[in-house]
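# Reading the structure
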Amino acid sequence: FSLNSLTDCTIDVEYAFLKLREQVVSFQNSSTESSKGGLNLVNSTNLSFFDSFQKAELFRLKAYFFNELNEKPKSNQAYCHAVQICPTYARAWIDWGRLCVSLSDDTRKQASDQKADCKELAKKTGLYLVQAMGCFLEAVRCDPNEQSRDYIPNCLSMLANDGSSYGNLCRTFETRSAVLPSWVWLPWIPQLLSSLCRVEARATKAILIGILKDHPQALYYSLRSFYLERRDIEQSKSQKSASPNDDDVPSSSRLAEEFMSNLRKAHPILWLKLEHILEDLIVRFRPSYEAELLHSIIALHQKATIISDHKTSNT
């Protein structure tokens, strides 16, 4: 099937594209020869009849076949062409990001196999991860559908590769995440809160502020639990430590306390209602005095049984 015969306009372009794409896709997930056949079919197609989205899809498929043939530099270039032609094509961004993750894994494996130029290879690995994160977050910006949002946890896990310093991954995350709607982060509130304990706290702080303004109910209970937990942990650490912590970097409990204060100021009525609901839950689900007494008796009985068995075994 060739599109060179479209000059007489006897075939609808959209129908021709769908038919061509179906033929190209049939070469996927198969042998090397089939991948070469699919690549040849894309290369022999006249792209002048298609719009930007259709051209980007064909370049995405071309990149796929290059990747299957283990020609990753050419695949990387084809993905670049796809997003240049249609910058809002989310699927091309996703596939390009997956390729960058694959390149990063290959480079990391190469660095572990050879000791020479390890620093250069490690730097290259980080750059591939930065590019992958940018692709995934750009895909969410273009089309925040479920397929694009599935890669948000990948981006959050990539932040650990910056180590103990605020590196390129954290900067990329801070810049790219600023333009995303706050609702896409709602399933990952616990992960965002836990990042306040690490170096990427500055990158995730703006996201949590956006959720606080737009979706305070979704943040309240997780934030409250996180604040109380971190406060107790840091208080116990400060009591064991000989000298108090005087670092300029705010602790996770202080950041959580700041969010709690901002939530109370921004939504005072909602805050009171949520507090009342929480108090009501605590009262209603608290065990009765009889249940607490029974639990204590059972615990004492079990402890007495263990002591008795221990004395019996010694005699």
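For the structure given in this document, a descriptive report is provided here. Keep in mind it's a predicted model, so treat the numbers as computed, not measured. (Residues numbered from 1 in each chain as written. Predicted model: local features only at pLDDT ≥ 70, side-chain atom pairs only at ≥ 80, totals over all residues. Heavy atoms only, no water.)

## As for helix H13 (residues 252-266)
This is how it is decided: Labels follow the DSSP assignment, with helices taken as runs of H or I lasting at least four residues and strands as runs of E lasting at least two, numbered in each case from the N terminus. A helix's residues, less one, multiplied by 1.5 Å, set its expected span. Three exposure classes are used, based on accessible area relative to the maximum for each residue type with a 1.4 Å probe and protein chains only: buried under 20%, partly exposed in between, and exposed over 50%. By arc we mean the arc of the directions from the helix axis to the C-beta atoms, nothing more. Pairs of residues are marked as contacts when any of their non-hydrogen atoms sit within 4.5 Å.
The end-to-end C-alpha distance of H13 is 21 Å, a good match for the 21 Å that 15 residues give at a rise of 1.5 Å each. Residues of H13 that are buried: Ser252, Ser253, Leu255, Ala256, Phe259, Met260 and Leu263. Burial along H13 is one-sided: seen end-on, the buried residues are contained in an arc of 160°. In this structure, the buried side of H13 is in contact with helix H11 (201-214), helix H12 (216-240) and helix H14 (268-285).

## Some words on the packing of aromatic side chains
Stated precisely, the cut-off is as follows: Stacked, edge-to-face and tilted are the three classes for Phe, Tyr and Trp ring pairs, Trp counted by its six-membered ring, which pair at centre distances within 6.5 Å; planes under 30 degrees apart are stacked, over 60 edge-to-face, the rest tilted. By definition here, charges over rings are those cases where NZ of Lys or CZ of Arg is within 6 Å of the ring centre and within 35 degrees of the ring normal.
This model, assessed by the stated rule, comprises 8 aromatic pairs. Measuring from centroid to centroid gives 4.8 Å for Phe53 and Tyr89, while their planes differ by 70°, and the two rings are edge-to-face. Pair noted here: Phe53 is in helix H3 (residues 52-68) and Tyr89 is in the loop between helix H4 (72-85) and helix H5 (90-113), with a separation of 36 residues, a long-range link. Here the aromatic rings of Tyr220 and Trp271 are separated by 5.4 Å at their centres, their planes lie at 85°, and the arrangement is edge-to-face. Linking Tyr220 in helix H12 with Trp271 in helix H14, this pair joins segments that are 51 residues apart in sequence. Members of the aromatic cluster, connected to one another through ring pairs, are Tyr220, Tyr221 and Trp271. Stacked on the ring of Tyr166, the Lys or Arg Arg202 has its end atom at 3.8 Å from the ring centre.

## Quick look at the nonpolar core
Selection rule: By convention a nonpolar core is built from buried Ala, Val, Leu, Ile, Met, Phe, Trp, Tyr and Cys residues, the set being connected through side-chain atoms within 4.5 Å.
Counting 76 residues, the largest nonpolar core has Trp96, Met133, Phe173, Trp185, Leu193, Leu196 and Leu219 as its most contacted members. A per-element tally of this core places helix H6 (residues 118-142) first, with 10 residues.

## Here's the deal with the environment of Ser236
In plain terms, the rule: We define a polar contact as two N or O atoms separated by no more than 3.5 Å, with the added condition that, inside protein, one atom must be a possible hydrogen donor and the other a possible acceptor, whereas residues neighbouring each other in sequence contribute only through side-chain atom pairs.
Structurally, Ser236 is set in helix H12. In this structure Ser236 comes out as partly exposed when scored by relative accessible area, which is 33%. Reaching out from Ser236, the side chain makes a polar contact with the backbone oxygen of Ile233 at a distance of 2.6 Å.

## Some words on the environment of Pro144
Mapping Pro144 onto the fold places it in the loop between H6 and helix H7 (146-149). A relative accessible area of 25% places Pro144 in the partly exposed class. Residues in contact with Pro144, not counting those within four places in the same chain, are Ala139, Arg149, Trp183 and Val184.

## Observations concerning a nonpolar patch on the surface
Stated formally: Grouping into patches uses exposed residues only, defined as over 30% relative accessible area, and leaves out salt-bridged ones; the cut-off is 9 Å for like charges and 5 Å for nonpolar side chains (Val, Leu, Ile, Met, Phe, Trp, Tyr). Using the Shrake-Rupley algorithm and a 1.4 Å probe, accessible areas are obtained, with residue cover drawn only from the displayed protein chains. Think of a salt bridge as a Lys or Arg side-chain nitrogen and an Asp or Glu carboxyl oxygen that are within 4 Å of each other.
Among the surface-exposed residues, Tyr221, Ile277, Leu281 and Phe285 lie close enough to one another that they form a single nonpolar patch of about 400 Å² accessible area. When residues of the nonpolar patch are assigned to their parent elements, the largest contribution, 3 residues, is made by H14. Secondary-structure assignment places Phe285 in helix H14. The exposure class of Phe285 is exposed, given its relative accessible area of 67%.

## Quick look at the pattern of salt bridges
Within this structure, the stated rule accounts for 14 salt bridges. In this structure, Arg60 and Glu57 form a salt bridge, with 2.9 Å as the shortest nitrogen-oxygen distance. A residue pair is termed a helical-turn pair when its members lie 3 or 4 positions apart in one helix, as Arg60 and Glu57 do in helix H3 at 3 residues. Like Arg60, the residue Glu57 is buried in the burial classification. When the shortest N-O distance is used, the salt bridge between Arg108 and Asp105 registers 3.1 Å. Note that Arg108 and Asp105 are positioned in helix H5 at a spacing of 3 residues, about one turn of the helix.

## Considerations on the environment of Asn154
When you line up the elements, Asn154 lands in helix H8 (residues 152-158). A relative accessible area of 32% places Asn154 in the partly exposed class. Between the C-alpha atom of Asn154 and that of Pro73, which follows or precedes it by 81 residues, the distance is 23 Å.

## A word on H14
Between its terminal C-alpha atoms H14 stretches 26 Å, which fits the 26 Å expected from 18 residues at 1.5 Å a residue. Taken residue by residue, H14 has Trp271, Leu274, Glu275 and Leu278 as its buried positions. The arc enclosing the buried residues of H14, seen along the axis, measures out at 105°, which places them on a common side. With respect to the buried face of H14, the exposed residues turned more than 90 degrees away are Ile269, Lys273, His276, Val283 and Arg284. Each element contacted by the buried residues of H14 is listed here: H12 and H13.

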